[in-house]
Amino acid sequence: MSIINVNLGAKSYQIEIAAGLLEQAGEKIRSVSKAQRAAIISDSNVDALYGERLQKSLEGGGFAVTRIVFPAGEKSKCLAELAKIYDSLAAAGITRSDLVVALGGGVTGDLGGFAAATFLRGIDYVQVPTSLLAQIDSSVGGKVAVDLPAGKNLVGNFYQPKLVLIDTELLRTLPVRFLHDGLAEAIKYGCIRDKALFEKIAAVRDDEELLANIGGIVERCCAIKAEIVEHDEFDTGERMVLNFGHTIGHAVEKCCGYTTYTHGEGVGIGMALLTRQTEKLGLTAPGTADAICKVLQKYNLSVDAPYAEADLLAGIGMDKKKSGSSITLIILKEIGSSFLQKTDWQALPDYVKRS
C-alpha cells in the first residue's frame, strides 16, 4: 500500500494505491464520509465489470447504494448526459450530506466529479479510477468538466475529491490500446519532471513487465501531480506544465470527433509535433523529439495525425490556455525539464507546422 497526501488545507485528501483495493472501498470511504447514501456513477463498460463489486463493498460500509450508468465513450461527457445524471441523483434522494463515487476512467471521473461539484451546489465525491490514464492523471487534482461541441472541457470546475482509491489490479482488464493510452500521460510526466521515470518506461520490455511494475509508475506520477497541485491548485502557473502535449492533442481529438484517437493518443501526437518544432526553434535540446517518438512508437502510439495545420489551429482556438491574443505553451528544455512560454497567437503556426 502506498499513500500520497495532497496537502490543500481544508481540502486535503489522500491517494491510496494498492492491488486489490476495490474490495476495501466501503471501509475506506466510510472513514472519510458520514453519508447515508452513495451514488456510484460509471459507464456501461466499467459498471458491467466492477459495479456490483463496488456496490457490495459500499453496502458493507453501511451505505445505501444507487448505481447510475451512462453509455461508455468520450461523447457521453456532455451536457445531455450530465442532465440525466442530475435527474438520477434527484430520483435516488441524494442530499447534500450524501456522496458520489466516480468509478471508471477519465470520462467518468470528469463527468461524475462535475455532477458532484454542481448538484445541490456541491456534494462530496470519491474517485475510484479504473484506467491507467485516470489512475495517474485525471483522478488527482480536482479538475472536473464536460465537453462542448466547440471544444474539450470548456464547462468545468476545480472540485477536490475526499479520497482517491487506486486499485492497480483493475488495469489487468484494460484492453492493450487503453493501457498504452494511459501510458502516454506517464511518458508526459517523465518529459516534464522526471528523466528517470521516462527512462524506466522506455526500458520496459513488454506489457507483462509493464503491469508487473505499474504500481511504481502510478505512484511516481501521482506524487509529481500532487506536488504540482499543492503549489498551484487553480492552474494559473506551475500546474500548466501538466498540459504538455495537450494543446495540439485536444485539437487532434476535436478534428476526429472524439472517435479515431483516444485522449492519450492525442497527447502523444501533441508532444511529438510540438517538440519537433521547438527543437527547430532552438528551444529544446536536439534529439529530444526522437527520444519521445521512439518510446511512443514502442507502445504503438501515433506521433502524427492526418489533419491539416489549419484544422489543428482551428481546434486550438478554443483551448483553455488561450488568453486574449496569446496562448501558454509547455515546452521541454530536455527530457525531464520543462517551462511555460506565453506565445502570441500570430506566432502559433511556427509551433504547429510539420516542416
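1. Digging into the overall build of the protein chain
Inference 1: For the protein chain, the count of helices and strands is 14 helices and 12 strands.
Inference 2: Taking 355 residues into account, the globule formula puts the C-alpha radius of gyration at 20 Å, and the protein chain, at 20 Å, falls close to it.
Inference 3: Taken along its principal axes, the extent of the C-alpha atoms in the protein chain is 60 × 40 × 35 Å.
Inference 4: Looking at the protein chain residue by residue over its 355 residues, the buried ones come to 57%.
Inference 5: In the protein chain, 74% of the contacts between residues at least 6 apart in sequence involve partners at least 24 apart.
Inference 6: Surface accessibility of the protein chain: about 13900 Å² in total, with carbon and sulfur atoms responsible for 50%.

2. Here we look at helix α13 (residues 309-316)
Inference 1: What α13 keeps buried is the set L312, G315 and I316. Taken around the axis of α13, the buried residues stretch over an arc of 100°, which confines them to a single face. When the buried face of α13 is taken as reference, the exposed residues oriented beyond 90 degrees from it are A310 and A314.
Inference 2: The inward-facing, buried residues of α13 abut α10 (246-255), α11 (263-280), β11 (326-334) and α14 (349-352).

3. Quick word on the packing of helix α6 (residues 176-193) against helix α9 (residues 214-231)
Inference 1: Where α6 contacts α9, the axes come no closer than 10 Å and their chain directions differ by 55°. By the criterion of interaxial angle, the relationship of α6 to α9 is oblique. Considering the relative orientation of α6 and α9, their crossing is left-handed. Judged by residue contacts, A186, Y189 and R193 of α6 engage I217, C221, I224, K225 and I228 from α9.
Inference 2: Taken together, the residues of the contact of α6 with α9 break down into six nonpolar, no polar and two charged.

4. Side note on the packing of aromatic side chains
Inference 1: Here the structure, examined in full by the defined rule, presents four aromatic pairs.
Inference 2: Ring plane angle 10° and centroid distance 5.8 Å describe the contact between Y125 and Y159, whose orientation is recorded as stacked. With Y125 in strand β6 (residues 124-129) and Y159 in the loop between β8 (151-158) and β9 (163-167), this pair connects stretches of sequence that are 34 residues apart.
Inference 3: Ring geometry for F158 versus F234: centroids 5.4 Å apart, planes at 85°, classification edge-to-face. With F158 in strand β8 and F234 in the loop between α9 and α10, the pair connects residues that are 76 residues apart, well separated along the chain.
Inference 4: Taking relative accessible area as the criterion, F158 reaches 27% and is therefore assigned partly exposed.
Inference 5: Cation over ring: R177 sits above F178, and NZ or CZ is 5.9 Å from the ring centre.

5. Digging into the pairing of strand β12 (residues 337-344)
Inference 1: Bridge count for β11 against β12 is eight bridges, and the pairing is antiparallel. The partner of S326 across the bridge, within β12, is D344.
Inference 2: Hairpin remark: β11 followed by β12, antiparallel, with two residues in the connecting loop; positive phi at G336, about 100°.

6. Focus: unusual backbone geometry
Inference 1: The backbone of R121 shows a phi angle near 65°, a positive value even though the residue is not glycine.
Inference 2: In this model, D235 sits at a positive phi of 65°, which is unusual for a non-glycine residue.

7. Describing the environment of A116
Inference 1: Topologically, A116 is positioned in helix α4 (residues 106-118).
Inference 2: Put simply, A116 and V126 are 10 residues apart on the chain and 9.5 Å apart in space, counted from C-alpha to C-alpha.
Inference 3: In this structure A116 touches V100, G122, I123, Y125 and Y159, once residues within four positions along its chain are discounted.

8. A few points about the environment of G93
Inference 1: By the secondary structure assignment, G93 is in the loop between α3 (79-91) and β5 (99-104).
Inference 2: Judged by relative accessible area, G93 falls into the partly exposed class, the value being 29%.
Inference 3: Remark: the alpha-carbon pair of G93 and I123, spanning 30 residues in sequence, is separated by 13 Å.
Inference 4: Not counting residues within four places of it along the chain, the set of residues in contact with G93 comprises R37 and D98.

9. Some details on the state of the cysteines
Two cysteines joined by a covalent bond between their sulfur atoms form a disulfide.
Inference 1: This model, assessed by the stated rule, comprises zero disulfides.
Inference 2: Free of any disulfide, C221 has its nearest neighbouring cysteine sulfur in C222, separated by 7.0 Å.
Inference 3: Residue C221 is classed as buried on the basis of its relative accessible area, which comes to 0%.

10. Quick look at the sheet that holds β6
By definition, the strands of a sheet pair up through backbone hydrogen bonds, in either a parallel or an antiparallel sense.
Inference 1: Taken together, seven strands build an open sheet; the order of strands is β1-β2-β9-β6-β5-β3-β4 and the sheet is mixed. Each edge of the open sheet carries a strand with a single partner, namely β1 (2-6) and β4 (64-70). Within this sheet the neighbouring strands show an average axis-to-axis angle of 20°, counted without direction.
Inference 2: As judged from the seven bridges shared by strand β3 (residues 37-43) and β4, these two strands associate in the parallel manner. Its bridge partner being in β4, S42 is matched across the sheet by V69.
Inference 3: Where helix α2 (residues 44-60) meets the sheet, it contacts β3, β4 and β5, and its direction lies at approximately 165° from that of β3.

What counts as what
Residue positions are given per chain, counted from 1 along the sequence in the order it is written. Two thresholds apply to this predicted model, a pLDDT of at least 70 for residue-level local features and 80 or more for giving and counting side-chain atom pairs, whereas whole-chain, interface and lining totals are computed over all residues. Water and hydrogen atoms play no part in the side-chain values, which are based on all heavy atoms of the structure. Each helix corresponds to a stretch of at least 4 residues labelled H or I by DSSP, and each strand to a stretch of at least 2 residues labelled E; elements are numbered beginning at the N terminus. The globule rule used for comparison is 2.2 Å times the number of residues to the exponent 0.38, while the radius of gyration itself is calculated over C-alpha atoms. Relative accessibility decides the category of a residue: with a 1.4 Å probe and only protein chains considered, values under 20% of the type maximum give buried, values over 50% give exposed, and everything between is partly exposed. By definition, residues are in contact when any of their heavy atoms lie within 4.5 Å. Note on areas: Shrake-Rupley with a 1.4 Å probe; residue coverage comes only from the protein chains shown. Think of it as the arc spanned by the lines of direction from the helix axis to the C-beta atoms. Whenever a helix is involved, its axis is fitted only over the stretch in contact; in every case the axis is a line through C-alpha atoms, and angles between N-to-C directions fall within 0 to 180 degrees. For classification purposes, an angle smaller than 35 degrees is called roughly parallel, one larger than 145 roughly antiparallel, one from 65 to 115 roughly perpendicular, and anything else oblique. When the near helix sits turned anticlockwise from the far one by under a right angle, the crossing is termed left-handed; a clockwise turn instead gives a right-handed crossing. Classification used: nonpolar for Ala, Val, Leu, Ile, Met, Phe, Trp, Tyr, Cys and Pro, charged for Asp, Glu, Lys and Arg, polar for all others including Gly. We call Phe, Tyr and Trp rings a pair once their centres come within 6.5 Å, taking the six-membered ring for Trp, and we label the pair stacked below 30 degrees between planes, edge-to-face above 60, and tilted otherwise. Here, a charge over a ring is recorded when the distance from Lys NZ or Arg CZ to the ring centre is within 6 Å and its angle to the ring normal is within 35 degrees. When DSSP locates at least two bridges between a pair of strands, those strands are taken to pair. By definition, disulfides here are pairs of cysteine sulfur atoms that lie within 2.5 Å.

All quantities given are derived from atomic positions and should not be read as evidence of function.
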